[in-house]
Amino acid sequence: MTKVEMTVNGKSVSGDVEGRTLLVQFLRDGLGLTGTHVGCDTSQCGACVVHVNGVAVKSCTMLALEADGADVSTIEGQAAPDGTLNVIQQAFQDHHGLQCGFCTPGMVMSAAALLKDNPKPTEAEIRHYLEGNICRCTGYHNIVKAIMAASGQDVGAVAAE
Amino acid sequence: MYNFDFVKPATVAEAVEALSGEEAQALGGGQTLLPTMKQRLASPATLVSLTGIADMQGVSQKDGAICVGGATPHAVVAANAGGYPALAALAGGIGDPAVRNRGTAGGSLANNDPSACYPAAALGSGATIVTNTREIAADDYFEGMFTTALNEGEIITEVRFPIPEKANYQKFEQPASRFALVGVFVAKFADGVRVAVTGASEDGVFRWAEAEAALSADFSPAALDGLTVPADGMISDLHGTGAYRAHLVGVMTKRAVAAA
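In this text, all values refer to a predicted model and were calculated from it rather than measured experimentally. (Residues numbered from 1 in each chain as written. Chains lettered and ligands numbered in written order. Predicted model: local features only at pLDDT ≥ 70, side-chain atom pairs only at ≥ 80, totals over all residues.)

Visitor: How do you make sense of the overall build of chain A when you look at a structure like this?
Guide: When you go through chain A residue by residue, the secondary structure sums to 5 helices and 5 strands. Moving toward the C terminus, one meets the helices and strands of chain A in the order β-β-α-β-β-β-α-α-α-α. Whereas a compact globule of 161 residues would reach a radius of gyration of roughly 15 Å, chain A reaches 16 Å, a difference of no more than 12%. Along the first, second and third principal axes, the C-alpha set of chain A runs to 55 × 30 × 25 Å. Classification of the 161 residues of chain A by burial places 48% in the buried group. Considering only residue pairs separated by 6 or more positions, chain A has 57% of its internal contacts joining residues 24 or more positions apart. (Helix = DSSP H or I, 4+ residues; strand = E, 2+ residues; numbered from the N terminus. Rg over C-alpha atoms; globule rule 2.2 N^0.38 Å. Buried ≥ 20, exposed ≤ 12 C-beta atoms within 10 Å, placed from the backbone. Contact = placed C-beta atoms within 7 Å.)

Visitor: I'm lost on the environment of Leu150(B) in this one. Help?
Guide: Residue and element names in this part refer to chain B. Of note, Leu-150 is situated in the loop between α8 (138-141) and β8 (156-162). In this structure the C-alpha to C-alpha distance between Leu-150 and Ser-125, which are 25 residues apart in sequence, comes to 19 Å. Setting aside chain neighbours within four positions, we find Leu-150 in contact with Ala-110 and Thr-131.

Visitor: Explain the domain arrangement of chain A to me, please; I cannot follow it from the model alone.
Guide: Quoted interface sizes are often the accessible area lost when the parts come together. All names here are of chain A. What the domain assignment lists for chain A is domain 1 (2-77) and domain 2 (87-150). Using C-alpha coordinates to define each centre, domain 1 is positioned 21 Å away from domain 2. Of the residues lining the interface, 15 residues belong to domain 1; the matching set on domain 2 comes to 11 residues. Taken together, the elements giving at least two residues each to the side of domain 1 that touches domain 2 come down to β3 (49-52) and β4 (55-58). Looking at the side of domain 1 that touches domain 2 element by element, the count peaks at 3 residues for β3. The residue inventory of the side of domain 1 that touches domain 2, partitioned by class, reads 8 nonpolar, 7 polar and no charged. (Domains from an automatic or database assignment. Nonpolar A, V, L, I, M, F, W, Y, C, P; charged D, E, K, R; others polar.)

Visitor: Can you walk me through the sheet that holds strand β1 (residues 2-8) of chain A in this structure?
Guide: Two strands in a sheet stick together by hydrogen bonds in their backbones, pointing the same way (parallel) or opposite ways (antiparallel). Residue and element names in this part refer to chain A. Strand order across the open sheet formed by 5 strands is β2-β1-β5-β3-β4, with mixed pairing between neighbours. Either end of the sheet is taken by a strand with one partner, and the two such strands are β2 (11-17) and β4. Strand-to-strand, the axes of this sheet are offset by a mean angle of 40°, without reference to chain direction. In this structure, β1 lies alongside β2, joined through 7 bridges in antiparallel fashion. Note on β2: the bridge partner recorded for Lys-3 is Asp-16. Against the sheet, helix α3 (residues 104-117) makes contact with β3 and β4, and its axis sits at roughly 40° relative to β3, the strand it touches most. (Pairing = 2+ DSSP bridges. Axes fitted to C-alpha atoms, helices over the stretch in contact; angles between N-to-C directions.)

Visitor: Could you clarify how one ought to interpret unusual backbone geometry in this entry?
Guide: What is expected of a backbone is that most residues other than glycine have negative phi and most peptide bonds are trans. Of note, the phi angle at Tyr140(A) is positive, near 75°, even though the residue is not glycine. Along the chain, the position of Tyr140(A) falls in the loop between α4 (123-129) and α5 (141-150). When the 16 C-beta atoms within 10 Å are taken as the criterion, Tyr140(A) is described as partly exposed. The phi dihedral of Phe146(B) is positive, around 55°, even though this residue is not glycine.

Visitor: Hey, could you run me through the packing of helix α2 (residues 87-94) of chain A against α3(A) in this one?
Guide: Two numbers describe a pair of packed helices, the interaxial angle and the distance between the axes. Residues and elements named next belong to chain A. Remark: α2 packs on α3, axes separated minimally by 10 Å, with the N-to-C direction vectors making an angle of 125°. Classified by the angle their axes make, α2 and α3 are oblique. Remark: the crossing between α2 and α3 carries right-handed chirality. When α2 is examined against α3, the residues Ile-88, Gln-89 and Phe-92 are found in contact with a partner set consisting of Thr-104, Val-108, Ala-111 and Ala-112. Across the contact of α2 with α3, the residue classes break down as 5 nonpolar, 2 polar and no charged. (Parallel < 35°, antiparallel > 145°, perpendicular 65-115°, else oblique. Left-handed = near helix turned anticlockwise from the far one by under 90°.)

Visitor: Please clarify how the pairing of strand β10 (residues 180-189) of chain B should be interpreted in this entry.
Guide: All names here are of chain B. Of all 10 residues in β10, 8 are buried; the element is thus mostly enclosed. Two strands pair when backbone bridges link them, and β10 and strand β11 (residues 192-198) are joined in this way by 7 bridges, in the antiparallel orientation. What sits directly across from Gly-183, in β11, is Thr-198. The turn linking β10 back onto β11 is made up of 2 residues.

Visitor: How should the UniProt feature "domain: FAD-binding PCMH-type" (unreviewed entry) in chain B be read in this particular structure?
Guide: As recorded in UniProt, the feature "domain: FAD-binding PCMH-type" (unreviewed entry) lies at residues 1-166 of chain B. Across residues 1-166 of chain B, helical content stands at 31% and strand content at 21%; the span's end C-alpha atoms are separated by 44 Å. (UniProt positions renumbered as here; feature names shortened; annotations may be inferred.)

Visitor: Can you help me understand α2(A) in this one?
Guide: Turn by turn, an α-helix covers 3.6 residues, leaving residues three or four places apart pointing in a common direction. All names here are of chain A. Those residues of α2 that sit buried are Ile-88, Gln-89, Ala-91 and Phe-92. Viewed end-on, α2 has its buried residues packed into an arc of 160°, placing them on one side of the element. Looking at the buried side of α2, the elements it contacts are α3 and α5. Among the residues trailing α2, His-96 stands out with phi positive, at a value near 55°. (Arc of directions from axis to C-beta.)

Visitor: Could you clarify how one ought to interpret the sheet that holds strand β12 (residues 206-207) of chain B in this entry?
Guide: All names here are of chain B. Sheet architecture is open: 4 strands sit in the order β9-β10-β11-β12, paired in antiparallel fashion. Both outer strands of the open sheet, β9 (166-173) and β12, are each paired with one neighbouring strand and no more. Here β11 runs beside β12; their pairing, made up of 2 bridges, is antiparallel. Each bridged residue has a counterpart across the sheet, and for Val-197 the counterpart in β12 is Phe-206.

Below, the structure written as structure tokens:
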């Protein structure tokens, strides 16, 4: 076992991990942060997306030891300490951007990464950016609407194609 | 996945030393290697992460070439290789955004997946693959599916892509994996045109010599009329037959020329 240290949602954390321990395993099993989900475990579905040093990564395809010393943000760090949802989470609720909710942590984290780089994305840009996040319930339209709304844009024109 | 020791050296020299150990394996961004290890198709005793080596990070432009550090993620190339737009676009089209934040140029070239994008850029540009011991011309580097000229423990420290007058990469995506079902990189240099095809051949990335000759004489889609690649030796799988892929090579090459 090797000691790993990182900052997760602003707090310094540490733990003993094996070489093969994935970042998502450390977050879920080591820290009890079970909001980050494991869907496919093959880096296809995006349910495990977290931010490492400010960029979105699939935490099922990164070793915990690769994140040693890194600044990690997860879905648990998105709402305010009193539980008030952030603007993206609130938009997902307002626009029914989830049904079963399994993909939602990854969708919210991917959306946050997109809006950081591109504060006013077009509908096409949102759909393109979400290529690595799979949702089997919503058909994506309401997720796209939610992200448009979270960026302060009118969602009336989002196609229900 | 089987367990292993993990080391993250800070210099190329330390990485070379670590890779000299028994069953040691270099780790770039891990976007191919980690899934492979999960399937127990690889089980190294030691993983040597290359992403902590500062000298292997970043994109620069010098002597008419874009120089990409071996451990530079695709997203960084997409954002910083503006001097070679076709290369930036290719890097920005690999996988999905989260994969592009981890996967590296050197990792892709060292793995030489027959459907990967970077081999097409390297071969199509006539790039130089720089390692810890030597410089390898792209024409001498690719030796078939998942096979390269790299020796055991040799590390790609940098890749130099000469900037052409015009270039374009067209990828017909296999929709589930987003790898290239067929991808064609066309680059027009002062001394001729290079055409590199990925995704199609059982031998991995290759140059399409007839198309290069035709395009060097007349750089237009019409110059490719009547040219075909044989279906023999093309990959056939549930996503497409060899004949389908051979046809796509012609289609994607025309599109790349039109878009260049």
